[in-house]
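# Structure assessment
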Amino acid sequence: MNPVTAGTARVKTIREYVEAGTLSLDDLKGALQLAMRLEFSTIPPYLCAQWSVKRDPDRVEGVVHEVVSQEMSHFALAGNLLAAIGGRPSIGHADFVPDYPIDELPGGIPQELPVDLKPLRKDQLAVFMQIETPEFPPVAFRADRTPATIGAFYNTIIMTFQTLCPEIDPEAHAVDLPSSHRIENVADAIEVIDRIKSEGEGVQDSPDQPSGEERGSFAHYYLFKELWLQKRLVKVGGKWSFSGAHIDLPDVYDFRHSLAEPNPSAEFNRTFSQLLIDLESCWTSGAPPNVAAMFQLQILGRDLIKRGIRPEFRWDDGTS
């Protein structure tokens, strides 16, 4: 695969970073910017699934909310790491936003099932499991490509921190997260990457057997697989088994892309774009996160879905 481009900047693929081994400081910054794009790309599909929930007897929405909250944290943590080594997170522009549906995740990761913005049904849960399959790939890389996984990508970043020992600025602007402390040294940076791996796509478990001892330690794949199979994971004979209590999937609102004029998603898109601009300023100028805009985006998104309209998550900064 040829490197893709974002604007005029050349963007390397995950395979290129993994094959390079220990990265230069510039490439480490590029890898962390790619990590931000990768983690962010899952958020709109997960949010649309969460917002689509109507009647929910088994509190499935809470599971999706947990996953999307962690993905938001991973996105922010990657930005914090990038800022801590002197980089500048760049998210407040059209090139950062995926154009759904996509058949590749950022970094050149092919998807057999297209990643789109759809209600929370079993077919969409299959897409989510594909994204989150332990120690990637969710589908095999094509024969002409050197295998490279999300886990290997994050391991390359860890190895680079260990070998390069980049200078860490403990006073760098960061998004404060309740479950994370400031990055003050290389050990803190490695701890952050390990957290992203263990909670998300970088775990090295079997698709049928998580390694954690407690339910709270399950990576995203297993949370989605419980919903897809509609069975809780329980311990049987010392091993985890998808044979627990039945899970009723929720009733959901159906929604589709709208061609109506004026665009019913216009206000949503403007709010979304401004939110990304404001988030970028958290790292560049130390501004606090615009929490009000986050809640407003949720209100607008849920309203669109209840009206049968797909939130677009398209860039609109009001200049076009």
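Residues numbered from 1 in each chain as written. Predicted model: local features only at pLDDT ≥ 70, side-chain atom pairs only at ≥ 80, totals over all residues. Heavy atoms only, no water.

### Regarding the pairing of strand S6 (residues 239-246)
Consecutive side chains of a regular strand alternate in pointing toward one face of the sheet and then the other. Alignment of strand S5 (residues 231-236) against S6, held across five bridges, turns out to be antiparallel. In the sheet register, Leu233 faces S6, and the bridge partner there is Phe242. (Pairing = 2+ DSSP bridges. Helix = DSSP H or I, 4+ residues; strand = E, 2+ residues; numbered from the N terminus.)

### Topic: the pairing of strand S4 (residues 109-115)
Here strand S3 (residues 102-105) runs beside S4; their pairing, made up of three bridges, is antiparallel. When the sheet's bridge partners are listed, Ile102 is paired in S4 with Val115.

### Things to note about the packing of helix H2 (residues 25-41) against helix H3 (residues 43-51)
It is at 5 Å that the axes of H2 and H3 come closest, and there the two elements cross at 20 degrees. In terms of axis orientation, H2 runs roughly parallel to H3. Here Glu39, Phe40 and Ser41 of H2 lie close against H3, whose contacting residues are Ile43, Pro44 and Pro45. (Axes fitted to C-alpha atoms, helices over the stretch in contact; angles between N-to-C directions. Parallel < 35°, antiparallel > 145°, perpendicular 65-115°, else oblique. Contact = heavy atoms within 4.5 Å.)

### Some points on helix H5 (residues 122-132)
With eight of 11 residues buried, H5 lies mostly within the body of the structure. The set of residues buried in H5 consists of Gln124, Leu125, Val127, Phe128, Met129, Gln130, Ile131 and Glu132. Of the surrounding secondary structure, the elements contacted by the buried residues of H5 are H3, helix H4 (60-84), S3, S4 and helix H8 (220-229). (Buried < 20%, exposed > 50% of the residue type's maximum accessible area, 1.4 Å probe, protein only.)

### Here we look at the layout of surface pockets
There is about 820 Å³ of room inside the largest pocket. Looking at the largest pocket, it is lined by 31 residues, and the ones nearest its centre are Val68, Ser69, Met72, Ser73 and Met294. Going through the elements one at a time, H3, H4, helix H9 (266-284) and helix H10 (291-306) are the ones with two or more residues in the lining of the largest pocket. Among the elements that take part in the lining of the largest pocket, H4 stands out by supplying seven residues, more than any other. (1 Å grid on protein atoms, 1.4 Å probe; cavity = no way out; pocket = protein on both sides within 12 Å on 5 of 7 lines; lining within 4 Å. Points joined across faces, edges and corners; volume = space filled by probe spheres on them.)

### Some remarks on the confidence of the model for the chain
Chain-level pLDDT for the chain is 89 on average; 89% of the residues reach the 70-or-more range. Looking at the elements of the chain, mean pLDDT is at its lowest for strand S1 (residues 4-6), recorded as 42, and at its highest for H3, recorded as 98. Here residues 1-8 is a poorly scored stretch, pLDDT under 50, and it has 18 contacts once near neighbours within four places are set aside; other chains count. Here residues 136-146 scores under 50 on pLDDT; set against residues more than four positions off or in separate chains, the count is 30 contacts. (pLDDT = per-residue confidence, 0-100.)

### A closer look at the pattern of salt bridges
Scanning the model with the defined rule gives 12 salt bridges in all. Its salt-bridge partner being Arg314, residue Asp99 comes within 2.9 Å of it at the nearest N-O pair. Here Arg314 lies in the segment after H10 and Asp99 lies in the loop between H4 and S3, a separation of 215 residues in the sequence. With relative accessibility at 32%, the residue Arg314 sits in the partly exposed group. With a shortest N-O distance of 3.6 Å, Arg121 and Asp254 are connected by a salt bridge. Here Asp254 lies in the loop between S6 and H9 and Arg121 lies in the loop between S4 and H5, a separation of 133 residues in the sequence. Judged by relative accessible area, which is 34%, Asp254 ranks as partly exposed. Linked through salt bridges whose partners overlap, the residues forming this network are Arg121, Asp254 and Arg256. (Salt bridge = Lys/Arg side-chain N within 4 Å of Asp/Glu carboxyl O.)

### A look at the packing of H3 against H10
Following both chains from N to C, one finds H3 and H10 inclined at 60 degrees, their axes separated by 9 Å at the closest point. Comparing their axes, H10 and H3 come out oblique. For the pair H3 and H10, the crossing hand works out as right-handed. Contacts between H3 and H10 involve Cys48, Gln50 and Trp51 from the first element and Leu297, Gln298, Gly301, Arg302 and Ile305 from the second. (Left-handed = near helix turned anticlockwise from the far one by under 90°.)

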